[in-house]
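Chain residues, written in single-letter form:
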Amino acid sequence: MYKKILLAADGSGHSVRTAERAAELARLQGDGEITIIYVVDGEQSKSDVLSEGDKGMIERRRHERLNPIEQMLENKGLSYHVALKHGEPGPEIVKFANDEDFDIVVIGSRGLNTLQEMVLGSVSHKVAKRAKCPVMIVK
């Protein structure tokens, strides 16, 4: 039923717990594949450039944020790959989910950017409203 799973992650501890739910779904399917989408917004991009400067180092740091999730999926023997996108997280996740015909999106109820959630509404809420497939929001 859920063979093609999109996992929205930002490197927070909450996204690791969210990844565990995605892993359970993939294991239930036997051959489910997980795509981890990590969206770098404008503020994060500026922060990365100011703190690192070197483009190669910036890319390594971004991938390091996902290491706990990747390690957990590897330890469970699950198939996955990473999609790194740039832009506003909600719309980018929705566009990717709809364009690639995922069976389900698994997303946390909160992420790293709490100010944006309070002012603009949560990313998970935006994804749940606009994605064409089912959305699992993990608390």
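Check the entry above for the structure.
Please read all numbers here as calculations on a predicted model, not as lab measurements. (Residues numbered from 1 in each chain as written. Predicted model: local features only at pLDDT ≥ 70, side-chain atom pairs only at ≥ 80, totals over all residues. Heavy atoms only, no water.)

> Please explain helix H5 (residues 89–99) as it appears in this structure.
Of the positions making up H5, those classed as buried are Pro89, Gly90, Ile93, Val94, Phe96, Ala97 and Asn98. The first or second residue beyond H5 is aspartate 101, which carries a positive phi of 55°. (Buried < 20%, exposed > 50% of the residue type's maximum accessible area, 1.4 Å probe, protein only. Helix = DSSP H or I, 4+ residues; strand = E, 2+ residues; numbered from the N terminus.)

> What is the right way to read the packing of helix H1 (residues 13–29) against helix H4 (residues 67–75) from this model?
A pair of packed helices is characterised by two quantities: the angle between their axes and the separation of those axes. Between H1 and H4, the shortest axis-to-axis distance is 9 Å and the interhelical angle comes to 25°. With respect to their mutual orientation, H1 and H4 come out roughly parallel. Considering the relative orientation of H1 and H4, their crossing is right-handed. On H4, the residues that touch Ser15, Val16, Ala19, Glu20 and Ala23 of H1 are Pro68, Ile69, Met72 and Leu73. (Axes fitted to C-alpha atoms, helices over the stretch in contact; angles between N-to-C directions. Parallel < 35°, antiparallel > 145°, perpendicular 65-115°, else oblique. Left-handed = near helix turned anticlockwise from the far one by under 90°. Contact = heavy atoms within 4.5 Å.)

> Sorry if this is basic, but what is going on with the side chain of serine 15 here?
Following the sequence through the fold, serine 15 ends up in helix H1. Take serine 15: its relative accessible area is 5%, and that puts it in the buried class. A polar contact of 3.3 Å, which involves the side chain of serine 15, links it to the backbone nitrogen of glycine 11. (Polar contact = N/O pair within 3.5 Å; in protein donor to acceptor, adjacent residues only side chain to side chain.)

> What am I meant to see in the packing of aromatic side chains here?
The geometry of an aromatic ring pair is captured by two quantities: the separation of the ring centres and the angle between the planes. Summed over the entire model, instances satisfying the criterion amount to 1 aromatic pair. Plain terms: the ring middles of phenylalanine 96 and phenylalanine 102 are 5.6 Å apart, the flat faces sit at 40° to each other, and that makes the pair tilted. In this structure, phenylalanine 96 and phenylalanine 102 share a single accessibility class: buried. It is lysine 4 that lies over the ring of phenylalanine 102; its NZ or CZ is 5.1 Å from the centre. (Phe/Tyr/Trp six-rings, centres within 6.5 Å; stacked < 30°, edge-to-face > 60°. Lys NZ or Arg CZ within 6 Å of the ring centre and 35° of its normal.)

> I would appreciate a short explanation of unusual backbone geometry in the present structure.
Although it is not a glycine, aspartate 101 sits at a positive phi angle of roughly 55°. With respect to the secondary-structure elements, aspartate 101 resides in the loop between H5 and strand S4 (104–108). According to the relative accessible area criterion, aspartate 101 is exposed, its value standing at 57%.

> Is there a simple way to explain the sheet that holds strand S2 (residues 33–40) in this structure?
With parallel pairing, 5 strands are arranged side by side in an open sheet as S3-S2-S1-S4-S5. If you trace the sheet from one side to the other, it starts and ends with strand S3 (79–86) and strand S5 (135–138), each paired once. When the angles between neighbouring strand axes are averaged without regard to direction, this sheet yields 20°. For S2 and S3, the ladder comprises 8 bridges, and the chain directions are parallel. Among the inter-strand pairings, isoleucine 36 is bridged to a residue of S3, identified as valine 82. Where H1 meets the sheet, it contacts strand S1 (4–8), S2, S4 and S5, and its direction lies at approximately 155° from that of S4. (Pairing = 2+ DSSP bridges.)

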